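# Structure assessment
Listed below, chain by chain, are the residues.
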Amino acid sequence: MPEQDRHLLKLCFLLCIFAGFLLHSLGASEIPLVSKLSIVDKDMWVSPNGDFAFGFFNSPDEPNYSVGIRSNSKSIPLDKQIVVWIAGADLILGNNSYVQLTQDGELILFDSLKGVIWSSKTRQLSVVSAALNDNGNLVLLNKEKHIVWQSFDTPSDTLLPGQNFSMFQTLRAASKSSVSSYYTLFMNASGQLQLRWESHVIYWTSGSPSSSNLSAFLTSDGALQLRDQNLKPVWSLFGEDHNDSVSYRFLRLDVDGNLRLYSWVEPSKSWRTVWQAVENQCNVFATCGQHGICVFTESGSPDCECPFKHTNESISRCLIPNNPCDSGSDMLKYMHTFLYGMYPPTDDLVAKVSLQECKSLCLNDPSCTAATFSNDGTARCLMKRTQYVTGYSDPSLSSVSFVKMCAYPLAVNPNHVTTSPSPLEQSHKFCFPCVIGVASGMFVVFVLVQLALGFWFFRRRNLDRKKAAFAYTSPNSNGLIVLSFSELEELTENFKHQIGPKMFKGVLPNKKPVAIKDLNITIEERKYRSAVSKIGSIHHKNLVKLQGYCCELDHRFLVYEYAKNGSVEKYIEDLKLCKKLTWGKRFDICLSVARAICYLHTSCREFMSHGNLKCENVVLEENLEAKVTEFGLGKVVSEASCSSAERDVEDFGKMVLVLVSGCRGVGDLCEWAYKEWMEGRPENVVDKRISGGFNLQELERSLRIAFWCLQIDERRRPSMREVVKVLEGTLSVDPPPPPFGCNGPLEEEEEP
């Protein structure tokens, strides 16, 4: 064989080997339909270069799992590998959860308790495979290998080199204390990058020329650029190591609200900050959140101090006291301090006033809690109307802040004159009439004691007889009293006093009133006792306590604690009683009910839904404190499958609208209320019978969270934990989309 032919044959052989290797690599990088990852198996989908992995992960200090993409390079230690994308934000997953690329081409996240809780919504897009690219982008591909969905289009809190960020996308910082953070990065209509807290407090803006249709782009050499439609940079910022040889970089909106560019330093095996948007961390709005005012320590690091007061809670919160001041109010002065109002994060601006006028304006305004005077060219007075105040303090600041406090009362009254007894009054003299009086009094007391003892013995004997008749009223091991049907008849005077549908008032032998519910169902005794035992073990201040039950032959009754003022429904329908439901009371009822349902969903030994939440099943105690009753009956009547967290959330949204508006027709009410809110007339939704007005911020939070709860797509509805945080004012909530018939595409996706 000629030498030339031998070399040619050898070259062909090597090319075949290389082509085979390349095809194998491509095949290994593609993920076929019906592929599945689970927490139990701890498997992952890895990019061809091994730098990124998609799967379930958790941190050592966080037991809950998430699913997403993290760095996976062998050159980065495990504790330094960072999460670059999370599916479905901060969803809490059960131990049997899994993610799957379905036969229909949809990437879904399935939770063992809640079902499908996140999806790529690509069922109709002819997806045939998935792939995790070397740049960390998870993509879904059709037959032509075109990308029909990619994780780069739905960023979490991180941008990777090669990833575009447009006006329609948002980075949201992670949070350790709640499901979602207040801090976001977005691009405004002028093509500027902006950092904001909540929805409208902007504390950093990039310096780009005003232009539309721009997109941000992180380059591999460490530059963040704003590019036009022709991919031409119109504005750039550079990290300290720009153009240096760096293997890995990323841009992240951190938990503290600052945007930072990181580079991997190979010699030290650590991530290094090479640029950050806000140099002075105290200038990030609400850097201290609820924990005080931002100051710098001697070491130069920011710290949070509370010059006002901490609440007596397990988690300390720095609040301005707003207790009624019997002794009047005073203004405490804080030099070199700038304060912002939070919840709501809006201040009233009064221009061209003096320092003393600013102080007087707040002191004489009952709703003002604090004020900041700033004279940086224009004398301004910023007045706050919330207990939640944040800000920063620095010796270089010229701002002066005032905080309203109760004036301290005088320890003694200087006008009060005391007289000392005269020596004559101090002398001890024998008093014969006094002796007779004392003796008479002792005799009367003796007679009364004898009569009381006789009455007690008589009453005790009658009680013993009555207890003999009530043979089953002693509590069982779960603290529940077990009653026979004949005992229930005696307690209720043969079910004489009806207080609700199949609900009767009764009185126990100890004179304690109870509410007795006739379930009117047929259920096996053992199953019934087991279900009742679980309900009886639940204790929460906003849940009506189950005190006992009846399980005799075909009779199934539950015995609840009695609420003096009856149901919320009765108060809403009665023209006189409804006036007692002020705005404050109605808002408190919403919050109390939310806390109760949140407890059922998250804090019981096993998940429990209410299943039938409505105003009729919310009762009011003596001080109109709300308690939820008839919870968990789905377990008793074997209809647990009909109840779910999502249904409770929807029912809660309906109940909020009924409480706010005082109307009962929920169907038309939802659409009408949403229209009024969208057109800027939320006050029209408020019940006109409410006296004393309403709180606009509380109304806004109530309506927003109610409309989120009423979303047709259950996956959009918030958890009850999020609902509680929104109503408390410690979690922001975005404007909700139409919750009604406008979600056509989502409904189509649910069709089989």
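What this report covers is the structure whose coordinates are included nearby. (Residues numbered from 1 in each chain as written. Predicted model: local features only at pLDDT ≥ 70, side-chain atom pairs only at ≥ 80, totals over all residues. Heavy atoms only, no water.)

## Overview of the state of the cysteines
The full count for this structure, using the stated rule, is five disulfides. In this model C288 forms its disulfide with C304; the gap between the sulfur atoms is 2.1 Å. Judged by the torsion about the S-S bond (-95°), the C288/C304 disulfide is left-handed. Placement of C288 in the loop between β24 (270-276) and β25 (293-296) and of C304 in strand β26 (residues 302-305) is noted, with a sequence separation of 16 residues between them. Classification of C288 as buried rests on a relative accessible area of 3%. Given a relative accessible area of 33%, C304 falls into the partly exposed group. Counting only cysteine sulfurs, C550 is the nearest neighbor of C551, a cysteine outside any disulfide, at a range of 7.2 Å. (Disulfide = S-S within 2.5 Å. Helix = DSSP H or I, 4+ residues; strand = E, 2+ residues; numbered from the N terminus. Buried < 20%, exposed > 50% of the residue type's maximum accessible area, 1.4 Å probe, protein only.)

## Focus: the side chain of E569
Positionally, E569 belongs in helix α7 (residues 568-573). By relative accessible area, which is 16% here, E569 ends up buried.

## Overview of the sheet that holds strand β16 (residues 183-187)
The strand order β15-β16-β17-β18 describes an open sheet built from four strands, whose pairing is antiparallel. Either end of the sheet is taken by a strand with one partner, and the two such strands are β15 (171-172) and β18 (201-205). One ladder, built from five bridges, connects β16 with strand β17 (residues 193-197); its direction is antiparallel. The residue of β17 that forms the bridge with L185 is L195. (Pairing = 2+ DSSP bridges.)

## Observations regarding the packing of helix α12 (residues 696-709) against helix α13 (residues 720-728)
Here α12 crosses α13 at 165°, and the two axes come no closer than 9 Å. With respect to α13, the element α12 is oriented roughly antiparallel. The handedness of the crossing between α12 and α13 comes out as right-handed. Residues R701, S702, I705 and C709 of α12 form the contact with α13, whose participating residues are V723, V726, L727 and E728. Split into classes, the residues belonging to the contact of α12 with α13 amount to five nonpolar, one polar and two charged. (Axes fitted to C-alpha atoms, helices over the stretch in contact; angles between N-to-C directions. Parallel < 35°, antiparallel > 145°, perpendicular 65-115°, else oblique. Left-handed = near helix turned anticlockwise from the far one by under 90°. Contact = heavy atoms within 4.5 Å. Nonpolar A, V, L, I, M, F, W, Y, C, P; charged D, E, K, R; others polar.)

## Section: the side chain of S399
Mapped onto the secondary structure, S399 falls in the loop between β32 (389-393) and β33 (400-406). The residues touching S399, leaving out its near neighbours within four places in the chain, are Y334, M335, H336, T337, F338, T372, F373 and S374.

## Remarks on the nonpolar core
Soluble globular proteins tend to pack their nonpolar side chains together in the buried interior. By size, the foremost hydrophobic cluster in this structure holds 113 residues, and its most contacted members are W197, W204 and F652. When neighbours within four sequence positions are excluded, W204 is seen to be in contact with L185, L193, Q194, L195, L259, W275, A277 and V278. Listed in part, the 35 residues of the second largest apolar core include F56, L140, W149 and W264. (Core = buried A, V, L, I, M, F, W, Y, C linked by side-chain atoms within 4.5 Å.)

## With respect to the pattern of salt bridges
Considering all chains together, one arrives at 29 salt bridges under this definition. E650 is paired through a salt bridge with K654; the nearest N and O atoms lie 3.9 Å apart. With E650 and K654 both in helix α10 (residues 645-661) and four residues apart, this pair spans about one turn of that helix. Since its relative accessible area comes to 24%, E650 is described here as partly exposed. You can call K654 partly exposed: its relative accessible area is 29%. In this structure, the salt-bridge partner of R715 is D713, at a minimum N-O distance of 3.2 Å. Given a relative accessible area of 8%, D713 falls into the buried group. Through salt bridges with shared partners, a single ionic network connects R252, D254, D256 and R260. (Salt bridge = Lys/Arg side-chain N within 4 Å of Asp/Glu carboxyl O.)

## Focus: α12
Taking 1.5 Å per residue as the helical rise, α12 with its 14 residues ought to reach 20 Å, and the 20 Å between its terminal C-alpha atoms agrees with that figure. With respect to burial, α12 is a largely interior element, 10 of its 14 residues being buried. Of all the positions in α12, only L699, R701, S702, L703, R704, I705, A706, F707, W708 and C709 are classed as buried. (Expected span 1.5 Å × (residues − 1).)

## Section: the packing of helix α8 (residues 583-602) against α10
Packing of α8 against α10 brings their axes to within 10 Å, and their N-to-C directions diverge by 175°. Between α8 and α10, the crossing angle belongs to the class labelled roughly antiparallel. From α8, W583, R586, I589, C590, V593, A594, I597 and H601 reach across to α10, where they touch A645, D648, F652, M655, V656, L659 and V660. Grouping the amino acids of the contact of α8 with α10 by side-chain chemistry returns 12 nonpolar, one polar and two charged.

## Description of the environment of M187
Mapped onto the elements of the fold, M187 is located in strand β16. Judged by its relative accessible area of 4%, M187 falls in the buried class. For the pair M187 and S215, spaced 28 residues apart in sequence, the C-alpha to C-alpha distance is 8.3 Å.

## Describing the packing of aromatic side chains
All chains considered together, the criterion is met by 26 aromatic pairs. Summarising the aromatic geometry, the rings of W204 and W275 are spaced 6.2 Å apart at their centres and angled 65° between planes, so their arrangement reads as edge-to-face. Of this pair, W204 sits in strand β18 while W275 sits in strand β24, and the two are 71 residues apart along the sequence. An identical accessibility class is assigned to W204 and W275; each is buried. Ring centres of W677 and F707 lie 5.8 Å apart, and the angle between their planes is 50°; on these two criteria the pair is classed as tilted. Of the two residues, W677 sits in helix α11 (residues 666-678) while F707 sits in helix α12, which places them 30 residues apart along the sequence. Overall, the relative accessible area of 10% leaves W677 in the buried class. Within the aromatic cluster, the residues linked to one another by ring pairs are W45, F54, W85, W118 and W149. (Phe/Tyr/Trp six-rings, centres within 6.5 Å; stacked < 30°, edge-to-face > 60°.)

Keep in mind that these numbers describe shape and distance, not what the molecule does.
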